[in-house]
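One-letter residues, chain by chain:
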Amino acid sequence: MISETVLPIKKALESRGISVKYDDRDTQKPGWKFSEYEFKGVPVRITIGPRDIEQGTVEVARRDTLEKDILQITDIDIKIEHLLDQIQKNLYDRALSFRENSTIRVDSYDEFKKVLDDKGGFILAHWDGTAETEAKIKEETKATIRVIPLNNPQEEGKCIYTGKPSHQRVIFARAY
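Residues numbered from 1 in each chain as written. Predicted model: local features only at pLDDT ≥ 70, side-chain atom pairs only at ≥ 80, totals over all residues. Heavy atoms only, no water.

### Observations regarding the overall build of the chain
Of the regular secondary structure elements, the chain holds six helices and nine strands. Against the globule reference of 16 Å for 176 residues, the chain gives a C-alpha radius of gyration of 25 Å, more extended than a compact globule. Sorting the 176 residues of the chain into buried and exposed places 31% on the buried side. Long-range contacts, defined here as pairs at least 24 residues apart, represent 50% of the contacts in the chain between residues at least 6 apart. Of the roughly 12000 Å² of accessible surface on the chain, 53% is carried by carbon and sulfur atoms. On the chain, the mean spot of the 29 positive side-chain charges and the mean spot of the 31 negative ones are 3 Å from each other. (Helix = DSSP H or I, 4+ residues; strand = E, 2+ residues; numbered from the N terminus. Rg over C-alpha atoms; globule rule 2.2 N^0.38 Å. Buried < 20%, exposed > 50% of the residue type's maximum accessible area, 1.4 Å probe, protein only. Contact = heavy atoms within 4.5 Å. Areas by Shrake-Rupley, 256 points an atom, 1.4 Å probe, with all protein chains shown as cover. Lys, Arg positive; Asp, Glu negative; His and termini not counted. Charge placed at Lys NZ, Arg CZ, Asp CG, Glu CD.)

### Brief notes about unusual backbone geometry
One non-glycine residue, Asp75, lies in positive phi territory at about 55°. Take Asp75: it is sitting in the loop between strand E3 (68-72) and helix H4 (76-101). The exposure class assigned to Asp75 is partly exposed, which follows from its relative accessible area of 46%.

### Section: the packing of helix H5 (residues 109-118) against helix H6 (residues 131-141)
In contact at an axis separation of 12 Å, H5 and H6 are set at 45° when each is read in the N-to-C sense. It follows from the interaxial angle that H5 and H6 lie oblique. Handedness of the H5/H6 crossing: right-handed. Along its contact with H5, which presents Tyr109, Phe112, Lys113 and Leu116, the element H6 presents Ile137, Glu140 and Thr141. (Axes fitted to C-alpha atoms, helices over the stretch in contact; angles between N-to-C directions. Parallel < 35°, antiparallel > 145°, perpendicular 65-115°, else oblique. Left-handed = near helix turned anticlockwise from the far one by under 90°.)

### Let's talk about the confidence of the model for the chain
Do not read the fine detail of predicted coordinates wherever pLDDT is low. When the pLDDT values of the chain are averaged, the result is 95; 100% of them are 70 or greater. The secondary structure element of the chain with the lowest average pLDDT is helix H2 (residues 30-39), at 93, and the one with the highest is strand E5 (residues 122-126), at 97. (pLDDT = per-residue confidence, 0-100.)

### What about the pattern of salt bridges?
A full pass over the atoms with the stated rule returns 15 salt bridges. Of the charged contacts in the structure, one is a salt bridge between Asp23 and Arg25, with a shortest N-O distance of 2.7 Å. A salt bridge links Glu155 to Arg169, with the shortest nitrogen-to-oxygen separation between them at 2.9 Å. Taken as a pair, Glu155 in the loop between strand E6 (143-147) and strand E7 (157-158) and Arg169 in strand E9 (residues 169-174) lie far apart in primary sequence, 14 residues in all. (Salt bridge = Lys/Arg side-chain N within 4 Å of Asp/Glu carboxyl O.)

### Description of the sheet that holds strand E2 (residues 57-62)
Reading across from one edge, E1-E2-E3 is the order of the three strands in this open sheet, with antiparallel pairing throughout. The strands lining the two open edges of the sheet, one partner per strand, are strand E1 (44-47) and E3. Across the sheet, the mean angle separating the axes of adjacent strands is 30° when strand polarity is ignored. Direction of pairing for E1 relative to E2: antiparallel, over a ladder of four bridges. Note that in E2 the partner of Ile46 across the bridge is Val60. (Pairing = 2+ DSSP bridges.)

In structure tokens, the structure reads:
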């Protein structure tokens, strides 16, 4: 009986390019299966039981906010597609906010070392562009250049280590 409701939903979701796993195993309890798919990183879980079928509803659980909602089965494929878009935006915004809050601009080597030791995170600093300087910074602090941003604004400055001219900042960090 449940498969008669689930299979059309599965087909509708797949027709929208959404990957779907219909777990109809009866060898595991629902809680175990919920944990299994949460551990695998599945962003949305749809639960359908006999009462849901009677009421024409499904339970939808979001992994990013841990919220659960009861939704009508009607147009569930459209609702799930919009929900996945919201989850993507939420995760992106959270990551962007984390990156911005964890990035600190420094202008001296002493400040660079202090931030590394006290706060960690990402450090925007001028670098003279040589592998030798990067190697010396790594040897002394264990921090390496993580990225030279693609759309990095060009600004004149001095390398935090050598004092030589620099035209842009790069992002340093320690690996943990």
